[in-house]
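# Examining the three-dimensional arrangement
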Amino acid sequence: MSLLQYDFMVRALLAGLMIGVICPAVGVFLVMRRYAYMADTLSHVSLAGIAAGLLLGLFPPLTTLALALLAALVIERLRAAGRLYGEAVLALVMSSGLALAVVLISFARGFNIDLMSYLFGSILTVGPADLLLILLAGLLVLGLIAYYYKELYFISFDEECARVAGLPVDRLNLLFILAVALTVSVALRVVGTLLVGALMVIPVLTAQLLAGSFRQVFTGALVLGVAVSLGGLTASYYLGTASGGSIVLLAAALFVLVQAGTALRRKLRRQSQARCERENAPVTDCGEQAG
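Below is a short write-up of the structure. (Residues numbered from 1 in each chain as written. Predicted model: local features only at pLDDT ≥ 70, side-chain atom pairs only at ≥ 80, totals over all residues. Heavy atoms only, no water.)

What follows covers the environment of R33. Looking at where R33 falls in the secondary structure, it is placed in the loop between α1 (7-32) and α2 (37-56). The spatial distance from the C-alpha of R33 to the C-alpha of V169 is 14 Å, given a sequence separation of 136 residues. Each residue touching R33, except ones within four places of it in the same chain, is listed here: L152, I155, S156, N173 and F176. (Helix = DSSP H or I, 4+ residues; strand = E, 2+ residues; numbered from the N terminus. Contact = heavy atoms within 4.5 Å.)

Here's what the structure looks like:
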């Protein structure tokens, strides 16, 4: 393929492959906890980290990572205190982070192009250092999820029961939210600040329509995440569009198609059941008459 002749495209595809895996991997547990808003919160906070890095002349991914981890710690501490609802904590941190980003951007001039690439993602801006950071962070996140998979599954379904069972719930919650922050901060180059949350959630929602068990949802979300990431990056290359928008639009289109197919299948099943009932045949074996 001609796109593989370019080093920047190879780096973008490798980064997209890793991001396509880790975003749905953490997104599955966020959706189960009804905490999908977390990704958007940390991505908006990360915008302040990007602006700080560009303003101070530092490596933006590192300043983004530092601020995202700090925000994750604040969210978890406020949530664990129990005085505020989870949604209120997320709204507080997101609005504060976005306000800080706006102030920092207003202090600086001349980095509009760099900032736009972080907002919407760009295949041209994934350099060797970015790729190395994405791969290392991805391996760390995947290792964490693989090691604590059963514990995270238990906590996501019933946190209080997990406490009673003796699991270190607070420590695991902290590790998980730090993994989410790490994932958000490294995914910005490819997906963009405004759209990284969608890549964490949409493949999971699509997988839920297709799968029955949690393991199937988890595996399906990873496969869909990789597919839409690589497909979106390829479309971005040939169409000249922002990589983040291309990836998320492809994920959303896939969700709509699966949702429509699922609705059609349910409709056909109801019609078949109604026909079987009219013919006094067992619903489970409508190909043969009873008796």
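Once you've had a look at it, read on.
What follows concerns the environment of I105. Take I105: it is sitting in helix α4 (residues 86-107). For I105, a relative accessible area of 25% corresponds to the partly exposed category. When the C-alpha atoms of I105 and S117 are compared, they prove to be 14 Å apart, with 12 residues separating the residues in sequence. (Buried < 20%, exposed > 50% of the residue type's maximum accessible area, 1.4 Å probe, protein only.)

Over its 20 residues, helix α6 (residues 128-147) runs 29 Å from end to end, which matches the ideal 28 Å to within 8%, given 1.5 Å per residue. Each element contacted by the buried residues of α6 is listed here: α1, α3 (60-81), α7 (149-157), α9 (169-191) and α11 (214-239). (Expected span 1.5 Å × (residues − 1).)

A word on the packing of aromatic side chains. What the rule picks out here adds up to 12 aromatic pairs. When the centroid spacing of 6.0 Å and the interplanar angle of 75 degrees are considered together, the rings of F29 and F176 count as edge-to-face. Of this pair, F29 sits in helix α1 while F176 sits in helix α9, and the two are 147 residues apart along the sequence. Measuring from ring centre to ring centre gives 4.8 Å for Y153 and F214, while their planes differ by 55 degrees; the resulting arrangement is tilted. Residue Y153 is located in helix α7, and its partner F214 is located in helix α11; the two are separated by 61 residues in the primary sequence. Overall, the relative accessible area of 14% leaves F214 in the buried class. (Phe/Tyr/Trp six-rings, centres within 6.5 Å; stacked < 30°, edge-to-face > 60°.)

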